[in-house]
Amino acid sequence: MHSKSRADDSTQFTPKSLEKFRLINQIKTVTGYNLKDLEIVNGKFVTQNGTNILDIYKEELLENPYTARHASIAASHYGSQLYELAKNGFDSIPDLVLSIDYKNDSLQDMD
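Computed from a predicted model, the values in this text were never measured in an experiment. (Residues numbered from 1 in each chain as written. Predicted model: local features only at pLDDT ≥ 70, side-chain atom pairs only at ≥ 80, totals over all residues. Heavy atoms only, no water.)

**Student:** Which parts of the structure should I look at to understand the overall build of the protein chain?
**Tutor:** For the protein chain, the count of helices and strands is three helices and four strands. Scored against the burial criterion, the 111 residues of the protein chain give a buried share of 32%. A separation of at least 24 residues holds for 52% of the contacts in the protein chain among residues at least 6 apart in sequence. Within the structure as shown, the protein chain displays about 8,000 Å² of accessible surface, and the carbon and sulfur contribution to it stands at 49%. (Helix = DSSP H or I, 4+ residues; strand = E, 2+ residues; numbered from the N terminus. Buried < 20%, exposed > 50% of the residue type's maximum accessible area, 1.4 Å probe, protein only. Contact = heavy atoms within 4.5 Å. Areas by Shrake-Rupley, 256 points an atom, 1.4 Å probe, with all protein chains shown as cover.)

**Student:** How do you make sense of the pattern of salt bridges when you look at a structure like this?
**Tutor:** When their charged atoms lie close together, side chains carrying opposite charge are able to pair. In this structure the tally under the stated criterion is two salt bridges. Here Glu19 ties to Lys16 by a salt bridge, and the two come within 3.7 Å at their closest N and O atoms. One end of the pair is Glu19 and the other is Lys16, both in helix H1 (residues 15–31) and three residues apart, which spans about a single turn. A relative accessible area of 31% means that Glu19 is categorised as partly exposed. With a closest N to O distance of 3.6 Å, Lys87 and Glu84 form a salt bridge. Of this pair, Lys87 and Glu84 are both found in helix H3 (residues 71–88), three residues apart, which corresponds to roughly one turn of the helix. A relative accessible area of 48% places Lys87 in the partly exposed class. (Salt bridge = Lys/Arg side-chain N within 4 Å of Asp/Glu carboxyl O.)

**Student:** How should I be thinking about the confidence of the model for the protein chain in this particular structure?
**Tutor:** Parts of the model with low pLDDT should not have their predicted coordinates read in detail. Overall, the prediction assigns the protein chain a mean pLDDT of 82, with 74% of residues at 70 or greater. Here strand S4 (residues 106–109) is the element of the protein chain with the lowest mean pLDDT, 63, and helix H2 (residues 53–63) is the one with the highest, 96. (pLDDT = per-residue confidence, 0-100.)

**Student:** Sorry if this is basic, but what is going on with unusual backbone geometry here?
**Tutor:** Most peptide bonds take the trans form, and the phi angle of most residues other than glycine is negative. The backbone of Asn42 sits at a positive phi, close to 50 degrees, despite the residue not being glycine. Along the polypeptide, Asn42 turns up in the loop between strand S1 (39–41) and strand S2 (44–46). Take Asn42: its relative accessible area is 76%, and that puts it in the exposed class.

**Student:** Please clarify how H3 should be interpreted in this entry.
**Tutor:** Note on helix geometry: an α-helix contains 3.6 residues per turn, so any two residues three or four positions apart are oriented the same way. Its 18 residues give H3 an end-to-end C-alpha distance of 25 Å, which sits within 8% of 26 Å, the value for a rise of 1.5 Å per residue. Within the span of H3, buried status applies to Ala71, Ala74, Ala75, Tyr78, Gly79, Gln81, Leu82, Leu85 and Ala86. The inward-facing, buried residues of H3 contact H1, S1, S2 and H2. One or two residues past the end of H3 sits Gly89, with phi positive at roughly 100 degrees. (Expected span 1.5 Å × (residues − 1).)

**Student:** I keep staring at the environment of Ser76 and nothing clicks. Help me out?
**Tutor:** Structurally, Ser76 is set in helix H3. Of the residues examined, Ser76 reaches a relative accessible area of 51% and is grouped as exposed. Along the chain, Ser76 and Lys58 lie 18 residues apart, while their C-alpha atoms are 9.4 Å from each other.

As structure tokens, this is what we get:
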């Protein structure tokens, strides 16, 4: 998925909200867990049984032959983002929600 905003001053689209969107999708795709549903304990997103989601993420990457070679890079990249989001709180960064309209044969930012 490719997201782009023509206007640098759009209040709907910020680099941090895009980063959060990508992080949530990456964790959900690899682990099946939605970060929004997880509890934050001691600065970590954990499952109901108390397992750190980053540990599950790394394990899943290593078990997949297509992602195993780059597992440590991905875990490091997304791990730092997970840490920051857990430290500051899930809602510290607004979700990426775009309001768009279609007119004049193009999509328009409604903000």
